[in-house]
Amino acid sequence: MEAEPALRDTALALIERLRDRPVLAVSTGAGMSRESGIPTFRGEEGIWREYRAEDVATPQALYADPALAWEFHDHLRTVVAKADCNAGHIALARLEHLLAAHGITQILITQNIDRLHERAGSTGVIRLHGDIQRVVCTACDHVDDDFPIPAPVYPPMCACGALLRPDVVLFGEMLPETAIDAAFAAAASCGAMLVIGTSVQVQPAASLPWVARENEALLVEINPVETPLTPLVHYSLRSGAAQVLPQLLQQMSVLLSKNDP
Ligand code: OAD
C-alpha cells in the first residue's frame with residue numbers, strides 16, 4: 001500500500017537529516033498513552049477537568065490534605081496499572097533498534113509517569129516527571145517500586161513515621177536534575193526531534209523542541225490537534241500516536257533498507 005505523502009516526506013526528511021547528525025530525540029507527553037486508555041491532563045476529557053491541580057498535585061496540597069492527594073494519585077495509579085503499551089510505544093522501541101543498526105542513536109524523553117515506554121522495550125528512557133508506581137518517603141530514603149494499589153490506608157505512612165508519596169514531580173517542584181540535564185543535552189545535539197502527544201504547555205519540557213530548533217534540528221510533531229509548537233515544526237502528522245508511529249516506522253525501515261549496501 002502507498003504511504004500517504006506527508007508520512008513518506010517526513011520519513012525521507014528524517015533519514016536525510018539523521019545521516020548528517022545521527023541522533024534522534026523523541027519527546028513524549030500524555031497523548032502518547034491515550035490509546036492505552038490513560039486520559040490526558042488537558043482538553044475535554046482531561047484529568048484537570050475532574051480535579052484541580054492545586055487541590056491534589058502541589059506540595060502544599062500534599063501536606064495540607066494528604067488523604068485527598070493520595071486518593072487522586074491512587075485513581076491514576078489504578079488506571080496506569082491496568083494499561084498496556086499501545087502500537088505507538090512498540091513502534092518507538094522498534095525504531096530505536098532499527099536506527100541503532102544504522103548507526104543512529106535514539107534518545108527518548110518522556111513527561112509520562114506510566115512506565116509504558118520501558119515496558120514496550122525502549123531503553124535509557126529519560127523520565128522528566130517521575131514514576132507514579134514508585135512510592136518514596138518524604139523524610140527518609142525509603143523507596144518502594146511495587147507499592148500496593150490502592151494504598152492500604154489514606155494517607156500511607158513510612159515505618160519512620162513520615163508521610164509516603166508517589167515519586168512524581170508535583171507542580172512547583174524541581175525536576176530531577178540528571179534527567180533535565182540529559183534531556184536538554186539531547187535537544188541541543190539531535191539532528192531531529194519527534195514531539196508526540198504533548199500540549200507543550202508545561203515547562204521546562206515545553207522548551208525542549210525550541211532548543212532543538214535553535215540548534216537546527218528537524219522538528220516533527222505528532223498530535224491530532226495543533227499546539228503552540230505547530231507553527232515552528234517542519235512536519236506535522238495530525239493523527240494519534242498509535243496510528244501514525246507504526247506507519248512512520250515502516251516507512252523509515254523501507255527507506256533505510258534501500259540505503260543498505
Ligand atoms: P496534556 O494533557 O497537556 O496534552 C496531551 C496532548 O496529547 C494534547 O495536545 C492532545 O491533543 C494530544 N493527544 C491526545 N490524544 C492523542 C493521541 N492519540 N496521540 C497523540 N497525541 C494525542 O499532556 P502533557 O503535555 O503531557 O505532569 O502534560 C504535561 C504535564 O502536565 C504532564 O506530564 C503532567 C501534567 O500536569 C505530571 O504528571 C507531573
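Structure report, in brief. In this text, all values refer to a predicted model and were calculated from it rather than measured experimentally.

## Observations regarding helix H6 (residues 87-101)
- End to end, H6 covers 21 Å across 15 residues, agreeing with the expected 21 Å (1.5 Å per residue, within 8%).
- Residues of H6 that are buried: Gly88, His89, Ala91, Leu92, Ala93, Leu95, Glu96, Leu98 and Leu99.
- A distance of 2.7 Å separates the backbone nitrogen of glycine 88 from a side-chain oxygen at the start of H6, and that oxygen is part of asparagine 86.
- Looking one or two places after H6, you find glycine 103, whose phi comes out positive at around 80°.

## Comments concerning the site of the ligand
- Around the ligand, a shell composed of 23 residues is seen, among which Glu35, Phe41, Arg42, Thr198 and Ser199 lie nearest.
- The contact in question runs from an oxygen atom of the ligand to an N or O atom on the backbone of alanine 30, over 2.8 Å.
- The protein chains hide 90% of the 800 Å² of surface that the ligand would expose on its own.
- For the shell around the ligand, the residue count by class is ten nonpolar, ten polar and three charged.

## Structural notes on the packing of aromatic side chains
- One pass over the full model with this rule turns up five aromatic pairs.
- Summarising the aromatic geometry, the rings of phenylalanine 41 and tryptophan 48 are spaced 5.5 Å apart at their centres and angled 35° between planes, so their arrangement reads as tilted.
- Residue classification places phenylalanine 41 among the partly exposed positions, given a relative accessible area of 25%.
- Judged by centre distance (4.7 Å) and plane angle (65°), the rings of tyrosine 51 and phenylalanine 72 are edge-to-face. With tyrosine 51 in the loop between helix H2 (47-50) and helix H3 (53-56) and phenylalanine 72 in helix H5 (residues 66-82), this pair connects stretches of sequence that are 21 residues apart.
- Take phenylalanine 72: its relative accessible area is 1%, and that puts it in the buried class.
- What links up through ring pairs into an aromatic cluster is the set Phe41, Trp48, Tyr51, Phe72 and Phe171.

## Some thoughts on the sheet that holds strand S4 (residues 130-137)
- Pairing in this open sheet of three strands is antiparallel, and the strands run S5-S4-S6 from one edge to the other. The open sheet has two edge strands with one neighbour each: strand S5 (143-144) and strand S6 (164-168).
- In this sheet, S6 lies alongside S4 in antiparallel orientation, the contact comprising five bridges. When the sheet's bridge partners are listed, cysteine 137 is paired in S6 with leucine 164.
- Relative to the sheet, H5 contacts S4 and S6, its axis offset from that of S4 by approximately 135°.

## A few points about the environment of alanine 30
- One can find alanine 30 in the loop between strand S1 (23-28) and H2.
- With 221 residues separating them along the chain, alanine 30 and glutamine 251 place their C-alpha atoms 25 Å apart.

## Some details on the sheet that holds strand S3 (residues 126-127)
- On the basis of which strands lie adjacent, the open sheet formed by six strands has the order S3-S2-S1-S7-S8-S9 and parallel pairing. With one partner strand each, in any of the chains shown, S3 and strand S9 (235-237) form the two edges of the open sheet.
- Examined bridge by bridge, strand S7 (residues 192-196) and strand S8 (residues 218-222) share five bridges and lie parallel to one another. By the bridge assignment, methionine 193 is partnered in S8 with leucine 219.
- Sheet strands touched by H6: S1, strand S2 (105-110) and S7. Its angle to S2, the strand with the most contacts, is close to 155°.

## A word on the nonpolar core
- One finds Leu194, Leu245 and Met252 to be the most contacted residues of the largest nonpolar core, which totals 32 residues.
- Mapped by element, the contributors of at least two residues to this core are helix H1 (5-20), S1, H6, S7, S8 and helix H10 (241-259).
- It is H10 that provides the largest number of residues to this core, a total of eight residues.
- Methionine 252 has contacts with Ala11, Leu14, Ile15, Leu18, Leu95, Leu98 and Leu99, leaving out every residue within four places of it along the chain.

Conventions used here
Residues numbered from 1 in each chain as written. Predicted model: local features only at pLDDT ≥ 70, side-chain atom pairs only at ≥ 80, totals over all residues. Heavy atoms only, no water. Helix = DSSP H or I, 4+ residues; strand = E, 2+ residues; numbered from the N terminus. Expected span 1.5 Å × (residues − 1). Buried < 20%, exposed > 50% of the residue type's maximum accessible area, 1.4 Å probe, protein only. Polar contact = N/O pair within 3.5 Å; in protein donor to acceptor, adjacent residues only side chain to side chain. Near = heavy atom within 4 Å. Areas by Shrake-Rupley, 256 points an atom, 1.4 Å probe, with all protein chains shown as cover. Nonpolar A, V, L, I, M, F, W, Y, C, P; charged D, E, K, R; others polar. Phe/Tyr/Trp six-rings, centres within 6.5 Å; stacked < 30°, edge-to-face > 60°. Pairing = 2+ DSSP bridges. Contact = heavy atoms within 4.5 Å. Axes fitted to C-alpha atoms, helices over the stretch in contact; angles between N-to-C directions. Core = buried A, V, L, I, M, F, W, Y, C linked by side-chain atoms within 4.5 Å.

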